[in-house]
Protein chains: 4
Amino acid sequence: MCRWLAYSGSPVLLEDLLYKPENSLVVQSRHSRLGVETINGDGFGVGWYGALETPGIYHSTEPAWNDRNLQELSAHAAAGRVFAHIRASTGTAVQQTNCHPFRHGRWLWMHNGAIADFKLLKRDLILAVDPALYTEIEGSTDSELFFFLALTFGLEEDPPGAVARAVGLIEETGRRHGVQYPIQMTVATTDGTTTWAFRYSSEGRSRSLFRSTDVSTLRIQYPDNPVLHKLSEDARLVVSEPLGDLHGAWREVPESTCLVVQGGSEELHGFSPTHAR
Amino acid sequence: MCRWLAYSGSPVLLEDLLYKPENSLVVQSRHSRLGVETINGDGFGVGWYGALETPGIYHSTEPAWNDRNLQELSAHAAAGRVFAHIRASTGTAVQQTNCHPFRHGRWLWMHNGAIADFKLLKRDLILAVDPALYTEIEGSTDSELFFFLALTFGLEEDPPGAVARAVGLIEETGRRHGVQYPIQMTVATTDGTTTWAFRYSSEGRSRSLFRSTDVSTLRIQYPDNPVLHKLSEDARLVVSEPLGDLHGAWREVPESTCLVVQGGSEELHGFSPTHAR
Amino acid sequence: MCRWLAYSGSPVLLEDLLYKPENSLVVQSRHSRLGVETINGDGFGVGWYGALETPGIYHSTEPAWNDRNLQELSAHAAAGRVFAHIRASTGTAVQQTNCHPFRHGRWLWMHNGAIADFKLLKRDLILAVDPALYTEIEGSTDSELFFFLALTFGLEEDPPGAVARAVGLIEETGRRHGVQYPIQMTVATTDGTTTWAFRYSSEGRSRSLFRSTDVSTLRIQYPDNPVLHKLSEDARLVVSEPLGDLHGAWREVPESTCLVVQGGSEELHGFSPTHAR
Amino acid sequence: MCRWLAYSGSPVLLEDLLYKPENSLVVQSRHSRLGVETINGDGFGVGWYGALETPGIYHSTEPAWNDRNLQELSAHAAAGRVFAHIRASTGTAVQQTNCHPFRHGRWLWMHNGAIADFKLLKRDLILAVDPALYTEIEGSTDSELFFFLALTFGLEEDPPGAVARAVGLIEETGRRHGVQYPIQMTVATTDGTTTWAFRYSSEGRSRSLFRSTDVSTLRIQYPDNPVLHKLSEDARLVVSEPLGDLHGAWREVPESTCLVVQGGSEELHGFSPTHAR
């Protein structure tokens, strides 16, 4: 299992998100409070939208707390949309190609959770990926394959629908192989303009997911960070666990929900898988 | 493209094979004489048969010439059968799971060459892998997939026949996609007792492959290495390029050949792919 | 702060020490029970005496729990004397040259603890190192410098005396710079035949240190490990924390003690620093 | 020996310097034309001045040609002053703390060449470093120590004078130990505003050093790079070897010279070491 955050708003330095908060993602990499694993030391990734159409990606297999290049990059790169992820492997190799966020064109994707009995289901799921997309798969994780299933089912046109169809396929495939609860997930994906975050599990007991209440909350959250105090009103964070202890700052995203963040507007929709049959 | 060696005979320290020869594999990693690339700095691997049934494997993505752990291991591990490989990537990621030799149970496999237009052919070839074996694939290379095709076609029972069928399938699949010369290969595989080495290419212009003439040659080859002078008479090396300049020490393995080394006996057989149709 | 173990006895596979015990060093790297830090993910090292005079060393900056090469090496290398160490950096860089155990000729050295205010004291301590030894220092840690001070003061001839003089110098140097408690240490060193382990701190509140009671204890400790049941009677472990929960299996080494293990004999001596003045 | 480049001018993407030129630094890392070693695969570093006072630094021990994070960073980070360096180790360990450029506050420093018999001279040279600076030394190279000697002798106030004194000390120290030609160097250093580049060797046969003629040359050099065509007139490159074959584009910096680049102005001064006696 893993930890992640998705930021959107006025441009901030990556270090303001990754290092400065009291319970920052780098802190969580050593001492996660809400994760299944307390340590998430099996790789780190950050994706950020800079001057280019395509987001930049930094993937590292060193524990985040030791990575000097990450510190340097974070001190210099500013972005108005940032995805960051720390990994606790559920079995697949610790290598850069298995680090989140995954990228396809302008799109980023990151996942906390797992496809249950992935070895059992992997081949059937791989076969369902659009052959034209298939060769872009570089790593060996369930999370990247899940991304390519969503792309196959139209992520770029209809993200909630595509994710619903991908989850539906995973559940059908799992149940055909006798897996009771095939998927456990919080997922975030973005095209650089809108962020979609999903909380769902076959079991109905999903990993935690939170969103910041509004930008004034962020400002209280980081009292010592003058940059954040200049944030635009539309700044938003979605996180697998709160970045600090402040009461009232974080609202839990309910079970079986799709959260859509675009500018300062947030919408919550019910989420349920679309099954073919 | 890559460089490799396969040793069998009385136990030697790995360093006697990897570091001490004049044109050793570690030297070749910086200055290959016969390779398509002069540098092979995209990963290193060694497999050796020690006290256990299953061979040990050391895979590294550092250039071989910088790897201190490899030096230490090589100074301490002795084995009567050693496979070693330096990689020059043809495009897939530089990561441990893409390093040769690959292992399945007691078997090792390493490859110099490439499946042409691999991205185009990969999905069809993956589908041909036995589903029970499929989830063992950890990396993203053509070479590992080729190994799993050979396993699917019975490598453990009939190595030359299984490799012939795997190459046949690759050629058929390639030609169906309009690839003129689908495969270029020298391959070595072993079960720990016998080594099979193959030289073949669809084009009929295969990468170089050499075998040592006999153990007396090895002794002349390493005049300063007292260990090798105690070698058994059945010691043999198969290599992608000679480990030194000595005239008469190395014999080229002909095109379209399968070389079988078992103890001190060597057999050369013609090799041609088995096509299904 | 760090965790370590020192084994001596009949040859065992490294994995029997590093992976198989319930609270093995690899387990401790994620969840140390007695350490100052619960995570020791800043490097790993093992030194083992094989066929050569000089011990082999494997140093890695990956967290131990992810290191496949360590697993392979551990499954194949057997030794009658093993030092292993997991590092939690107290500030210096995470790099192979900062991993323990450190080596000089036949000697190994590893350390849990720290020289307080090391930056303040470093230059004075470096100046005290024998110039002929100085250029062998490769890393930047207090622990390696401590080793070279002990070597300067005659470690190879009189280990307890040399360590006492090195600690004395560190305390004097520290106090000259106003450092109240200059050193905190458990240290193990060996020449391949005898192991000396030290527990001491300027403060008189030293990190934990334990020794196995006797080989019958080890056998109870690892009921499922047939290899250990064939251990010689002289097998001994010295560890910074017990490798399992068995009552009676482990005896704490007292404060300000030097433990000498040679074959099956163990001696405990009082340890106090030798001050020049 | 190593390769490096120093750019100043209007902001460019790092990739325009590191990847796009025909004989770019990344290309040189595999096939240097003028270097002592054809391969420079022992570490890479880039320093760039972004929005902050202090430059960012990226240090990697992977060969530059394999480093995906470097590619991503280079595609996103733009700077008006860039130092980049590829390393071919002359013996010291391959680790991030040994990668150039080295940094102290706003200052960067990189070096091609070596202090001869460095092991012999190291201790005496270390003793000459200002104790207040000493503990900032993190790695083990001659190049970093040379930087700290220059800082000790006043680099931040009088760069040519400080380098002359540092070189003088190195030569005196070397000769006292019987070293005929104690130093071989091309060095670049900057405070973020001015770049000083030095070409000198005790032997009088120094490593190559070139400067771009003027910005129109750069534009011809990269005909396909529209970004560079928008460069300010004051853009300048200093390089250890030309980034392409264009006749007339590069002018060799003479032996025993200090080149000062500030904005569009360049000055060449004779350089000779200052000896204490």
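In the block above lies the structure referred to throughout.
So, a few notes on the structure that sits alongside this text. Just so you know, these numbers come straight off a predicted model, no measurement behind them. Residue numbering note: each chain is counted from 1, following its sequence as written. A letter from A marks each chain and a number from 1 marks each ligand, given out in the order of writing. With pLDDT at 70 or above as the cut-off, local features in this predicted model cover only qualifying residues; side-chain atom pairs require 80 or more to be listed or tallied, and sums for whole chains, interfaces and linings still use all residues. The basis for every side-chain value is the complete set of non-hydrogen atoms in the structure, without hydrogens or water.

On to the overall build of chain A, then. Numbered from the N terminus, helices here are DSSP runs of H or I no shorter than four residues, and strands are runs of E no shorter than two. Along the backbone of chain A there are eight helices and 13 strands. Each residue's exposure class comes from its accessible area (1.4 Å probe, protein chains only) as a fraction of the maximum for that residue type: buried when under 20%, exposed when over 50%, partly exposed otherwise. Burial analysis of chain A (277 residues in total) assigns 65% to the buried set. Here a residue-residue contact requires only that any non-hydrogen atoms of the pair lie within 4.5 Å. Considering only contacts in chain A between residues 6 or more positions apart, those separated by 24 or more positions represent 69%. When the accessible surface of chain A is totalled, it reaches about 9,500 Å², and 49% of it is carbon and sulfur. We get accessible surface area from the Shrake-Rupley algorithm with a probe of 1.4 Å; when it comes to residues, only the shown protein chains can shield them.

All right, on to the interface of chain A and chain D then. The interface is formed by 20 residues belonging to chain A together with 20 residues belonging to chain D. Simply put, the buried area is the total loss of 1.4 Å probe accessible area from both parts when two parts are fitted together. With both sides pooled, the region where chain A packs onto chain D buries about 1,600 Å², and carbon together with sulfur makes up 43% of that total. In terms of surface lost to chain D, no three residues of chain A exceed Asn69(A), Glu72(A) and His76(A), which account for 36% of the buried area on that side. Any carboxyl oxygen of Asp or Glu that lies within 4 Å of a side-chain nitrogen of Lys or Arg is treated as forming a salt bridge with it. Summed over the shared surface of chain A and chain D, the number is four salt bridges. Between Glu138(A) and Arg68(D) there is a salt bridge; the shortest N-O distance is 2.7 Å. Elements represented by at least two residues in the side of chain A that touches chain D include exactly strand S3 (56-60) and helix H3 (68-76) of chain A. Here the element with the most residues in the side of chain A that touches chain D is H3(A); it accounts for six residues. Residues that form the side of chain A that touches chain D fall into these classes: seven nonpolar, eight polar and five charged. Any residue that is not Ala, Val, Leu, Ile, Met, Phe, Trp, Tyr, Cys, Pro, Asp, Glu, Lys or Arg is counted as polar, Gly included; the first ten are nonpolar and the last four charged.

Here we come to the interface of chain B and chain A. Each side of the interface is counted separately: chain B has 14 residues, and chain A has 14 residues. Carbon and sulfur atoms make up 55% of the surface buried where chain B meets chain A, a total of about 1,400 Å² over both sides. In terms of surface lost to chain A, no three residues of chain B exceed Arg123(B), Tyr134(B) and Thr135(B), which account for 42% of the buried area on that side. Remark: the boundary between chain B and chain A carries zero salt bridges. In protein, a polar contact requires one atom able to donate a hydrogen and another able to accept it; more generally it is a pair of N or O atoms within 3.5 Å, and residues adjacent in sequence count only if both atoms are side-chain atoms. Between the two partners, chain B and chain A, sit four residue pairs in polar contact (both at pLDDT 80 or more). Where the side of chain B that touches chain A is concerned, the elements lending two or more residues are helix H4 (118-127) and helix H5 (131-134) of chain B. The element contributing the most residues to the side of chain B that touches chain A is H4(B), with five residues.

Any cysteine sulfur atom paired with another within 2.5 Å is treated as part of a disulfide. Counted under the stated rule, the structure contains zero disulfides over all chains. Of the cysteine sulfurs around Cys258(B), a residue in no disulfide, the closest is that of Cys2(B), at 20 Å. Here Cys99(D) stays free of any disulfide, with the sulfur of Cys2(D) as its closest cysteine sulfur at 9.8 Å.

The subject of this paragraph is the packing of aromatic side chains. Side-chain rings of Phe, Tyr and Trp (the six-membered ring for Trp) are treated as a pair once their centres are within 6.5 Å; stacked means planes under 30 degrees apart, edge-to-face means over 60, and tilted covers the remaining angles. Under the defined criterion, the tally for this structure stands at 24 aromatic pairs over all chains. Relative to Trp196(A), the ring of Trp107(A) has its centre 5.7 Å away and its plane inclined at 20 degrees; by these criteria the two rings are stacked. Separated by 89 residues along the polypeptide, Trp107(A) in strand S6 (residues 107-115) and Trp196(A) in strand S8 (residues 194-201) bring together distant segments of the chain. Per residue, the accessibility class of Trp107(A) equals that of Trp196(A), and both read buried. For the pair Phe198(C) and Phe271(C), a centre-to-centre distance of 5.3 Å together with 70 degrees between the ring planes defines the contact as edge-to-face. Highlighted residues: Phe198(C) in strand S8 (residues 194-201) and Phe271(C) in the segment after strand S13 (265-270), separated in sequence by 73 residues. Taken together, Trp109(A), Phe146(A), Phe147(A) and Phe148(A) form an aromatic cluster joined through their ring pairs.

The subject of this paragraph is the packing of helix H6 (residues 142-152) of chain D against helix H7 (residues 159-176) of chain D. Residue and element names in this part refer to chain D. For the pair H6 and H7, the least separation of the axes is 8 Å and the interaxial angle reads 120 degrees. Here H7 runs oblique to H6, going by the angle between their axes. Handedness of the crossing formed by H6 with H7: right-handed. On the side of H6, the interface is formed by Phe146, Leu149 and Ala150, while H7 contributes Ala162, Val163, Ala166, Val167, Leu169 and Ile170. Taken together, the residues of the contact of H6 with H7 break down into nine nonpolar, no polar and no charged. Axis angles are defined between N-to-C directions and span 0 to 180 degrees, where every axis is a line fitted to C-alpha atoms and, for a helix, only to the segment in contact. Roughly parallel covers angles under 35 degrees, roughly antiparallel covers those over 145, roughly perpendicular covers 65 to 115, and oblique covers all other angles. Helix crossings are classified by the rotation of the near helix relative to the far one: an anticlockwise turn of less than a right angle makes the crossing left-handed, while a clockwise turn makes it right-handed.

Think of it this way: DSSP has to see at least two bridges between two strands before they count as a pair. The seven strands are arranged S3-S2-S4-S1-S10-S9-S11 (chain C) in an open sheet whose pairing can be described as antiparallel. Two strands close off the open sheet at either side, each with one partner strand: strand S3 (56-60) and strand S11 (250-252) of chain C. Within the sheet, the average angular offset between the axes of one strand and its neighbour, ignoring direction, is 15 degrees. One ladder, built from three bridges, connects strand S9 (residues 210-212) of chain C with S11(C); its direction is antiparallel. Bridge pairing in S11(C) places Ser212(C) opposite Trp250(C). Across the sheet, helix H3 (residues 68-76) of chain B touches strand S2 (44-48) and S3 of chain C, and the angle it forms with S3(C) is around 155 degrees.

With that out of the way, let us pick up the relation of the copies chain B and chain A. Least-squares superposition aligns the copies on the C-alpha atoms of those residues with pLDDT at or above 70 in both. Of the transformation superimposing chain B on chain A, the axial component is 0.0 Å and the angular component is 180 degrees, with the fit at an RMSD of 0.0 Å. Each copy turns onto its partner about a two-fold axis. By C-alpha distance to the rotation axis, the residue of chain B lying nearest is Gln95(B), at 3.3 Å. With an isologous cut-off of 70% or more, the 100% of interface residues of chain B that recur at the interface of chain A puts this contact in the isologous class.

Take the relation of the copies chain A and chain D next. For the pair chain A and chain D, the superposition axis carries a translation of 0.0 Å, the fit reaches an RMSD of 0.0 Å, and the rotation angle comes to 180 degrees. Interface residue correspondence from chain A to chain D reaches 100%, placing this contact among same-surface, isologous pairings.

All names here are of chain B. Spatially, S5-S6-S7-S8-S12-S13 is the arrangement adopted by the six strands of the open sheet, whose pairing is antiparallel. Pairing within the sheet leaves two strands with one partner each, and these edge strands are strand S5 (102-104) and strand S13 (265-270). The average angle at which neighbouring strand axes cross in this sheet is 15 degrees, direction not considered. Note: strand S6 (residues 107-115) against strand S7 (residues 183-190), eight bridges, orientation antiparallel. Of the residues in S7, the one forming a bridge with His111 is Val187. Against the sheet, helix H6 (residues 142-152) contacts S5, S6 and S7, and its axis sits at roughly 125 degrees relative to S6.

This brings us to H3(A). Residue and element names in this part refer to chain A. With seven of its nine residues buried, H3 lies for the most part within the structure. Inspection of H3 places Asn69, Leu70, Glu72, Leu73, Ser74, Ala75 and His76 among the buried residues, and these make up the whole buried set. A side-chain oxygen of the first residue of H3 lies 3.1 Å from the backbone nitrogen of Asn69; this N-cap is Asp67.

Right, let's get into unusual backbone geometry. Following His100(B), the chain continues to Pro101(B) via a peptide bond in cis, the omega torsion being -10 degrees. By the secondary structure assignment, Pro101(B) is in the loop between strand S4 (78-86) and S5. Backbone geometry places Asp117(A), a non-glycine residue, at a positive phi of 45 degrees. Tracing the backbone through its elements, the reader meets Asp117(A) in the loop between S6 and helix H4 (118-127).

Below, the discussion takes up the side chain of Thr189(D). All names here are of chain D. The residue Thr189 is located in strand S7 (residues 183-190) in this model. Judged by its relative accessible area of 0%, Thr189 falls in the buried class. A polar side-chain atom of Thr189 sits 2.8 Å from the main-chain carbonyl oxygen of Leu108. Not counting chain neighbours up to four residues away, the residues in contact with Thr189 comprise Phe83, Trp107, Leu108, Trp109, Leu155, Thr194, Thr195, Trp196 and Phe198.

What follows deals with the pairing of strand S10 (residues 236-239) of chain C. Residue and element names in this part refer to chain C. In S10, alternate side chains face the same way, and those of Arg236 and Val238 on one face and Leu237 and Val239 on the other are all buried. Strand direction decides the pairing type here: strand S1 (residues 3-13) and S10, joined by four bridges, are antiparallel. Within the sheet, the bridge partner assigned to Ala6 lies in S10 and is Val238. Here S9 runs beside S10; their pairing, made up of two bridges, is antiparallel.

As a further point, take the side chain of Ser74(B). Relative to the elements of secondary structure, Ser74(B) occurs in helix H3. Residue classification places Ser74(B) among the buried residues on the basis of a relative accessible area of 0%.

Evaluated as defined, the whole model comprises 44 salt bridges over all chains. Glu72(B) serves as the salt-bridge partner of Arg103(C), at 2.7 Å between the closest nitrogen and oxygen. Note that Arg103(C) is positioned in strand S5 (residues 102-104) and Glu72(B) in helix H3, a pairing that runs across two chains. When its relative accessible area of 14% is taken as the criterion, Glu72(B) is described as buried. Put simply, Arg106(D) and Glu53(D) hold a salt bridge, and the shortest N to O gap is 3.7 Å. Remark: Glu53(D) occurs in the loop between strand S2 (44-48) and strand S3 (56-60) and Arg106(D) occurs in the loop between strand S5 (102-104) and strand S6 (107-115); sequence separation between them is 53 residues. Through salt bridges with shared partners, a single network forms among Glu15(A), Asp16(A) and Lys20(A).

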